[in-house]
Amino acid sequence: MATIDIRAVSKAYGGHAPVLTDIDLSIRDGEFIVLVGPSGCGKSTLLRMIAGLEAISAGTIAIGGRVVNDLAPKARDIAMVFQSYALYPHMTVAENMTYSLRLKKTPKATVAEKLEAASRKLGLDAFLARKPKALSGGQRQRVAMGRAIVRAPKAFLFDEPLSNLDARLREQMRAEIRKLHAGLGATSIYVTHDQVEAMTLADRIVAMHGGIIQQVGSPLDLYDRPANLFVAGFIGSPGMNFLPGRWDAGARAVRLKADSVLPVERAIDLPDGSAITVGVRPEHVGLGGEGGLAAAVELVEPTGHGIILHLRLQDQPFKALTTDRRYLTPQESVTVTMPADRLHLFDGNGDRIA
Amino acid sequence: MRAIGTLAHRLAILAYIAFALFPLFWLVKVSVTPNDLLYSEGIRLWPSRTTFEHFRFVLAHSDFPLFFRNSLIVSLATAFVATALAGFAGYALSRFAFRGKLTVSGLLLVTQMFPLVMLVAPIFKLLSPLGLTNSLTGLVVVYVAFNVPFACFLMQSFFDGIPRDLEEAAMIDGASRFGAFRQIILPLTLPGIAATVGFVFTAAWSEMIFALMLISSNEKATFPVGLLSFVSKFSVDFGQMMAAGVLALIPACLFFLLIQRYLVQGLTAGAVKG
């Protein structure tokens, strides 16, 4: 167990644009941090730098108060679960799980004890003598986790560990990881591009884009108060709707196209006429209300649990989520209302206003 | 329709195998044909009378056992030294980014472009002052030099086939890079190593030009050179020559029998997702 402190860390490969720029992040002891972002945002690189698999171009990374920049991976006392599981194919499950302990010349009795505890926790008792190729995807995943658990390391690193599993198994393993973390209380850093995984697993989410941290906060922070257009669009499914407009300071409203006006009922420190983007989540869009905007219906997607309406509003794609089954019957158009307190406002730079 | 297709396919393969193996069959056939029948019976698939006289003569009265031993020493030494060097070099090419990597790869490739005959004279010139002509060591040095580039590419491709995640996992588990190489990567590369050893062994075993040019005495000759001793000024002793040839096939066959288990084994199955 340990804290992890990342200070002004950058990564660049000779002569190319930087992959990571000025990353600052303090991870508390026992915290579950999820790094989330689209592929190529630098999240995996950051994880690999913490693991010691990538060199650090600038800045420092400290684990448990000790700067590890120049330490080899083996000296950092961290465990990592890979997307590919990376099980040693020529070793049995038991040998896979105890490899690190045997490297450390741990006494046999201790090894057996730890193996027993970990395999019981993960339900792997029956498979200890098998080779990885005789296991299912979920079991391999468990072995990979077991390999990390037996070591009781300072921190767990997860690199998209569930990406190779099917949807049902992923859901199940997600819950297991969360339970394991609750049981072990180990500092964990988890990389994923799946925002649902991020929302469900994290104590705090670190949203990354273009090698820069966009926002750090609790899952609901990011959902309720996204710091910018990127986070707003990335967190939540179906994604947030955006409408461009101009700020009308006198009316405290956003002027959309075709002279539509969207009252926001709050004071904003922005010059009259500035460009502004209004965001609203599909689940907060009202349908068929008084004084709404007219939107053309393009597609109706029933999900069972609800209905996603793909609309066209002011020439912008726009989605609404409803559980009202009346909307299953195709209609030409609907009226759309957006409650003022549910609106997210972003300035011309894409940053959140108030 | 499908059955006919399969049949045609099988027949084509069979025809090819017959075509490829016929020279070997002929080698065996001539080696057991008594001298007096060799020319008198014309072209027959199997002689009316067989004999092992040629084998007996080759083993008891010729220098062949000596050639055989020399060949075995040279080929085994070449195979192991070349594979060890190629293993390390191939690993570096597969895993490390270093300055001049492309140049090194390119130079390795360039060495494969020249006909060996062109290099015989300069190599003789080089080895002569070092006292490495007419010596098995000299032969091993030359063979290793010529086989390492290709073996290196071969090993590189085998290492490329092993996911990096595995050694990274091992290094995080507490192994050094060399430890990860030895305990994780090497066991998984055994099929590749077997293939490389086999390839280099056969290349050295059948090499003729350098063996002929660099070795001058009978005691140091390898068997391809030794085979020539069955050709005299006035006649060719086909029976004995073929018997020696059959004997020379044995170690190569044994060797492949020994390593074929590794050649066909897919050890990496189950390493990563599947």
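The model shown is predicted, which means the values in this text are computed figures rather than measured ones.

Colleague: When you look at the sheet that holds strand S15 (residues 286-287) of chain A in this model, what are you seeing that I'm missing?
Modeller: Strand-to-strand pairing in sheets goes through backbone hydrogen bonds, with the strands running parallel or antiparallel. All names here are of chain A. Pairing within the open sheet is antiparallel, and its five strands lie in the order S15-S19-S16-S17-S18. The open sheet has two edge strands, S15 and strand S18 (316-322), and neither has a second partner. Sheet analysis places strand S16 (residues 293-302) next to strand S19 (residues 333-337), joined by four bridges and oriented antiparallel. Bridging across to S19, Ala296 finds its partner in Ser333.

Colleague: Please explain the sheet that holds strand S2 (residues 20-27) of chain A as it appears in this structure.
Modeller: Residue and element names in this part refer to chain A. Sheet architecture is open: four strands sit in the order S2-S1-S4-S5, paired in antiparallel fashion. Two strands close off the open sheet at either side, each with one partner strand: S2 and strand S5 (66-67). Both strand S4 (residues 58-63) and S5 contribute to a ladder of two bridges, which runs antiparallel. Bridging across to S5, Ile63 finds its partner in Arg66. In this fold helix H1 (residues 43-51) packs onto strand S1 (4-11), S2 and S4, with an angle of close to 120 degrees to the strand it touches most, S1.

Colleague: Sorry, what's going on with the packing of aromatic side chains here?
Modeller: The geometry of an aromatic ring pair comes down to the distance between the two centres and the angle between the two planes. Tallied over the entire structure, the rule returns 25 aromatic pairs over all chains. Aromatic side chains B:Phe146 and B:Phe210 sit 5.4 Å apart centroid to centroid with 35 degrees between the ring planes, which places their arrangement in the tilted category. In this pair, B:Phe146 sits in helix H7 (residues 136-160) while B:Phe210 sits in helix H10 (residues 209-214), placing the two residues 64 residues apart along the sequence. Owing to a relative accessible area of 22%, B:Phe146 belongs among the partly exposed residues under this scheme. Taken together, the ring pairs connect B:Phe88, B:Tyr91, B:Phe96, B:Phe159, B:Phe178 and B:Phe181 into an aromatic cluster. Between the NZ or CZ atom of A:Arg147 and the centre of the ring of A:Tyr88, over which it lies, the distance is 4.6 Å. The ring of A:Tyr223 has A:Arg281 sitting right over it, with the charged end atom 4.2 Å from the ring centre.

Colleague: Help me out: how do you make sense of the interface of chain A and chain B in this one?
Modeller: How big an interface is tends to be reported as the loss of accessible area on association of its parts. Each side of the interface is counted separately: chain A has 26 residues, and chain B has 24 residues. Of the roughly 2200 Å² buried between chain A and chain B on both sides combined, carbon and sulfur atoms contribute 61%. Of all residues in chain A, the largest losses of buried area upon contact with chain B belong to A:Lys74, A:Pro89 and A:His90, amounting jointly to 24% of the total for that side. At the boundary of chain A and chain B, one finds three salt bridges. When the shortest N-O distance is used, the salt bridge between B:Glu168 and A:Arg48 registers 2.7 Å. Run the count over chain A and chain B and you get nine residue pairs in polar contact (both at pLDDT 80 or more). Listing elements by their share of the side of chain A that touches chain B, those giving two or more residues are H1, strand S6 (78-81), helix H2 (93-103) and helix H4 (137-149) of chain A. Across the side of chain A that touches chain B, the residue classes break down as 16 nonpolar, four polar and six charged.

Colleague: What should I look at first to understand the side chain of B:Gln240 in this one?
Modeller: Looking at the element boundaries, B:Gln240 is found in helix H12 (residues 238-264). Apart from residues no more than four positions distant in its own chain, B:Gln240 is found in contact with B:His54, B:Phe57, B:Val58 and B:Phe230.

Colleague: Would you take a moment to explain the packing of H4(A) against helix H5 (residues 167-184) of chain A for this structure?
Modeller: All names here are of chain A. Contact geometry of H4 with H5 gives a least axis separation of 11 Å together with a crossing angle of 15 degrees. Here H4 lies roughly parallel to H5, going by the angle between them. The chirality of how H4 crosses H5 is right-handed. Of the residues in H5, those touching H4 at Gly138, Gln141, Arg142, Met145 and Ile149 are Leu169, Gln172, Met173, Glu176, Ile177, Leu180 and Leu184. Taken together, the residues that form the contact of H4 with H5 break down as seven nonpolar, three polar and two charged.

Colleague: Would you take a moment to explain a nonpolar patch on the surface for this structure?
Modeller: Residues and elements named next belong to chain B. A grouping of Tyr39, Val117, Ile209, Leu212, Met213, Leu228, Val231, Val236 and Phe238 is seen on the molecular surface, where their side chains present a nonpolar patch of about 770 Å² in accessible area. With three residues, the top contributor of residues to the nonpolar patch is H10. With respect to the element layout, Val236 can be found in the loop between helix H11 (223-228) and H12.

Colleague: Any chance you could explain the nonpolar core here in plain terms?
Modeller: Side chains of nonpolar character tend, in soluble globular proteins, to be buried together. Residues A:Ile6, A:Leu35, A:Ile189 and B:Ile184 are the most contacted members of the largest nonpolar core, which totals 100 residues. Once residues within four sequence positions are removed from consideration, A:Ile189 is found in contact with A:Ile4, A:Ile27, A:Ile33, A:Leu35, A:Leu47, A:Ile50, A:Phe156, A:Leu157 and A:Phe158. Ranked by size, the runner-up nonpolar core spans 44 residues in total, among them A:Val111, A:Leu115, A:Ala118 and A:Phe127.

Colleague: Could you clarify how one ought to interpret H5(A) in this entry?
Modeller: For an α-helix the count is 3.6 residues per turn, leaving residues at separations of three or four pointing the same way. Residues and elements named next belong to chain A. With 18 residues, H5 ought to run about 26 Å at 1.5 Å a step, and its terminal C-alpha atoms sit 26 Å apart, in line with that. Where H5 is concerned, the buried positions are Met173, Arg174, Glu176, Ile177, Leu180 and His181. Tucked into the core, H5 has its buried residues touching strand S3 (32-36), helix H3 (108-122), H4, strand S7 (155-159), strand S8 (187-192) and helix H6 (195-201). Looking at the residues trailing H5, positive phi occurs at Gly185, about 60 degrees.

Definitions and cut-offs
- Every residue gets a number counted from 1 within its own chain, in the order that chain's sequence is written.
- Labels follow written order: the first chain is A, the first ligand is 1, and so on.
- Under the rules for a predicted model, residues below a pLDDT of 70 receive no local features and side-chain atom pairs below 80 are neither given nor counted, while totals for whole chains, interfaces and linings still include all residues.
- To get the side-chain values, take all heavy atoms of the structure and skip hydrogens and water.
- When DSSP finds two or more bridges between two strands, those strands count as paired.
- By definition, any uninterrupted DSSP run of H or I lasting at least four residues is a helix, any uninterrupted run of E lasting at least two residues is a strand, and each is numbered from the N terminus.
- The contact rule is simple, with two residues in contact once any of their heavy atoms fall within 4.5 Å.
- Each axis is a line fitted through C-alpha atoms, and for a helix only the stretch in contact is used; angles between axes span 0 to 180 degrees, taken between their N-to-C directions.
- The aromatic pairing rule takes the rings of Phe, Tyr and Trp, using the six-membered ring of Trp, and pairs them if the centres are within 6.5 Å, calling planes under 30 degrees apart stacked, those over 60 edge-to-face and the rest tilted.
- Think of it in three bands: residues with accessible area under 20% of the maximum for their type are buried, residues over 50% are exposed, and the middle band is partly exposed, with areas taken using a 1.4 Å probe on protein chains only.
- Two conditions define a charge sitting above a ring: the NZ of Lys or the CZ of Arg must be within 6 Å of the ring centre, and it must be within 35 degrees of the ring normal.
- Two parts placed together each lose some accessible area; with a 1.4 Å probe, that loss summed over both constitutes the buried area.
- Within this document, salt bridges are pairs made up of a side-chain nitrogen of Lys or Arg and a carboxyl oxygen of Asp or Glu, the two lying within 4 Å of each other.
- In protein, a polar contact requires one atom able to donate a hydrogen and another able to accept it; more generally it is a pair of N or O atoms within 3.5 Å, and residues adjacent in sequence count only if both atoms are side-chain atoms.
- Each residue gets one of three labels, nonpolar for Ala, Val, Leu, Ile, Met, Phe, Trp, Tyr, Cys and Pro, charged for Asp, Glu, Lys and Arg, and polar for the others, Gly among them.
- Should an angle fall under 35 degrees it is called roughly parallel, over 145 degrees roughly antiparallel, and 65 to 115 degrees roughly perpendicular, with every other angle called oblique.
- By definition, turning the near helix anticlockwise from the far helix through less than a right angle yields a left-handed crossing, and turning it clockwise yields a right-handed one.
- Patch construction takes residues with relative accessible area above 30% that form no salt bridge. Like charges are linked within 9 Å, and nonpolar side chains (Val, Leu, Ile, Met, Phe, Trp, Tyr) are linked within 5 Å.
- Each accessible area is a Shrake-Rupley estimate made with a 1.4 Å probe; only the visible protein chains count as cover when residues are assessed.
- Here, nonpolar core means buried Ala, Val, Leu, Ile, Met, Phe, Trp, Tyr and Cys residues that are tied together by side-chain atoms lying within 4.5 Å of each other.
- In a helix, the anticipated span is given by 1.5 Å times the number of residues less one.

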